[in-house]
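Inside the fold
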Amino acid sequence: MKTLIKSTALASTALIAVAFAAPAAAEKWDMPLAYSASNFHSENAAVFAACVTEGTGGDIEIVTHPGGSLFGGAEIKRAVQTGQVQIGERLLSAHANEDPLFGIDSIPFLATSFDDSVKLWSAAEDAVGAALEEQNLVMLYTVPWPPQGMYFNKPVDSVADMEGLKFRAYNAATAKLAELTGMLPVQIEAAEVSQAFATGVAESMVSSGATGYDRKLWENVSHFYAVDAWLPRNAVMVNKDAWDGLSDDNKEVVRGCAATAEAEGLDKAKAYTTFTLEGLAENGMTVGDPSDKLKADLAEIGETMTAEWLESAGDKGKTIVDAYKAM
Ligand code: PCA
């Protein structure tokens, strides 16, 4: 009995010592990413994670999980909202069905260059951040994808040439575009794109040269047209309860790392645009501009989709678009 008491006392002394050595604040945050480890968004997130781990002196250790290995793209936002993970990166426009504001970056031909994407985002970010906060999320930074082009396994000179093709969609806007061009949309995450094209589940898609490059699309697809439809964004979001649990100092560190990641991510996106379009061509694809006819056909579809988006997003949407156009 005596020994038992003694060892219990020893054990609690040891526990107290451990508690002091490792402050209660030390946390590991898992960060699911949907895209391949070599993609610029994933590389940028890894730098961000290291910045936070280092800057907080290990209070928060962020561990990235690229390639959809922890959660697939479609599950990431919910996983963060519900606290299954503390932080994650997700293509925001894939959630435009929850709030049209999340699709502000996928309105065809509204903002088609990196500069315009930055302007549009500066007009939109407060409203989008507030909408995310209502869903228990704190937005940390966003980075655009390169301009979106169209992939086909044949030459396409007009919308009529697209009739009946099986089309891989990644959000509501891409699905709508398929519908308006007479194609048949099927929703597929980037991580599954190579397989979809290899097995004939998809024959066409709208995406960046980046995703075609990451997924070696030249193995099954012959043409990329740089139609520059829009530049959708990935957003890095934190669970609000996890965020609220941080000290003010650590919040400041995370915000600082996020601001750096947003700026460096943009530069990486620009560099990756040229690198990957050249990569597609080097691997045998025909990479070029759309014909005037194709441009005109798509512009008409863009007008329809813009009108529909404005209708669904109401005053909040109109305020953002007006502010952007006035810049
Ligand atoms: N790549 C992602 C989203 C936009 C992009 O360029 C994808 O195709 O899923």
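What comes next is a walk through the structure. (Residues numbered from 1 in each chain as written. Predicted model: local features only at pLDDT ≥ 70, side-chain atom pairs only at ≥ 80, totals over all residues. Heavy atoms only, no water.)

This part takes up the site of the ligand. What surrounds the ligand is the set Leu91, Trp145, Gln148, Arg168, Tyr170, Ala190, Ser207, Ser208, Thr211 and Pro232. The side chain of Arg168 places a nitrogen or oxygen atom 2.7 Å from an oxygen atom of the ligand. Ser207 has a polar side-chain atom sitting 2.7 Å from an oxygen atom of the ligand. For the ligand, whose unbound accessible area comes to 260 Å², protein coverage reaches 99%. According to the grid-proximity analysis, the pocket containing the ligand is the largest cavity. Taken together, the residues of the shell around the ligand break down into 5 nonpolar, 4 polar and 1 charged. (Near = heavy atom within 4 Å. Polar contact = N/O pair within 3.5 Å; in protein donor to acceptor, adjacent residues only side chain to side chain. Areas by Shrake-Rupley, 256 points an atom, 1.4 Å probe, with all protein chains shown as cover. 1 Å grid on protein atoms, 1.4 Å probe; cavity = no way out; pocket = protein on both sides within 12 Å on 5 of 7 lines; lining within 4 Å. Sits in = over half its atoms within 2 Å of the grid points. Nonpolar A, V, L, I, M, F, W, Y, C, P; charged D, E, K, R; others polar.)

Across the sheet, which stays open at both edges, the 3 strands sit in the order S3-S10-S4 with antiparallel pairing between neighbours. Either end of the sheet is taken by a strand with one partner, and the two such strands are strand S3 (87-91) and strand S4 (137-144). Across this sheet, the average inter-strand angle for adjacent strands is 25°, counted without regard to direction. Across the face of the sheet, helix H4 (residues 114-133) comes into contact with S4 and strand S10 (233-239) while running at roughly 165° to S4. (Pairing = 2+ DSSP bridges. Helix = DSSP H or I, 4+ residues; strand = E, 2+ residues; numbered from the N terminus. Axes fitted to C-alpha atoms, helices over the stretch in contact; angles between N-to-C directions. Contact = heavy atoms within 4.5 Å.)

Evaluation of the coordinates by the stated rule reveals 10 salt bridges. The salt bridge involving Lys176 is made with Glu308; its shortest N-O contact spans 3.5 Å. A residue pair is termed long-range when its members are at least 10 positions apart, and Lys176 in helix H5 (residues 172-180) and Glu308 in helix H10 (residues 292-325) qualify at 132 residues. We classify Lys176 as partly exposed; its relative accessible area is 23%. (Salt bridge = Lys/Arg side-chain N within 4 Å of Asp/Glu carboxyl O. Buried < 20%, exposed > 50% of the residue type's maximum accessible area, 1.4 Å probe, protein only.)

Now for the nonpolar core. By size, the foremost hydrophobic cluster in this structure holds 86 residues, and its most contacted members are Phe48, Ile104, Val128, Leu140, Tyr141 and Met150. A per-element tally of this core places H10 first, with 9 residues. If we skip the residues at most four places from it in the chain, Met150 touches Met162, Phe167, Leu177, Met183, Met205, Val206, His223, Phe224, Tyr225, Val227 and Leu298. Of all hydrophobic cores here, the second largest spans 13 residues; its members include Ala202, Met205, Phe224 and Leu280. (Core = buried A, V, L, I, M, F, W, Y, C linked by side-chain atoms within 4.5 Å.)

All right, on to H10 then. Over its 34 residues, H10 extends only 25 Å from the first C-alpha to the last, a length that falls short of the 50 Å expected when each residue adds 1.5 Å. Buried within H10 are the following residues: Leu294, Asp297, Leu298, Ile301, Gly302, Met305, Trp309, Ala313, Gly317, Ile320, Val321 and Tyr324. (Expected span 1.5 Å × (residues − 1).)

Turning to the packing of helix H2 (residues 40-55) against helix H9 (residues 248-282), a few remarks are in order. Their axes nearest at 9 Å, the elements H2 and H9 cross at an angle of 160°. Taken together, the axis directions place H2 and H9 in an arrangement best described as roughly antiparallel. In this structure, H2 crosses over H9, and the sense of that crossing is right-handed. Along the contact surface, H2 presents Phe40, Asn44, Val47, Phe48, Cys51, Val52 and Gly55, while H9 presents Val253, Val254, Cys257, Ala258, Ala261, Glu264, Gly265, Lys268, Ala269 and Tyr272. Classifying every residue of the contact of H2 with H9 by side-chain character gives 12 nonpolar, 3 polar and 2 charged. (Parallel < 35°, antiparallel > 145°, perpendicular 65-115°, else oblique. Left-handed = near helix turned anticlockwise from the far one by under 90°.)

What follows concerns the state of the cysteines. Evaluated as defined, the whole model comprises 1 disulfide. Residue pairing for Cys51: its cysteine sulfur links by disulfide to Cys257, the two sulfurs lying 2.1 Å apart. Since a negative S-S torsion denotes a left-handed disulfide, the Cys51-Cys257 link at about -80° is left-handed. Of the two residues, Cys51 is situated in helix H2 and Cys257 in helix H9; the sequence distance between them amounts to 206 residues. (Disulfide = S-S within 2.5 Å.)

Following the criterion strictly, the structure yields 4 cavities of 30 Å³ or more and no others. One number sums up the size of the largest cavity: a volume of about 120 Å³. For the lining of the largest cavity, the class distribution of residues is 7 nonpolar, 4 polar and 3 charged. Approximately 60 Å³ is the volume found for the second largest cavity. Forming the walls of the second largest cavity are Asp105, Ile107, Ala111, Ser117, Leu120, Trp121, Trp230, Leu231 and Arg233. Of all the elements, H4 adds the most residues to the lining of the second largest cavity, at 3 residues. Tallied by class, residues from the lining of the second largest cavity come to 6 nonpolar, 1 polar and 2 charged. (Points joined across faces, edges and corners; volume = space filled by probe spheres on them.)

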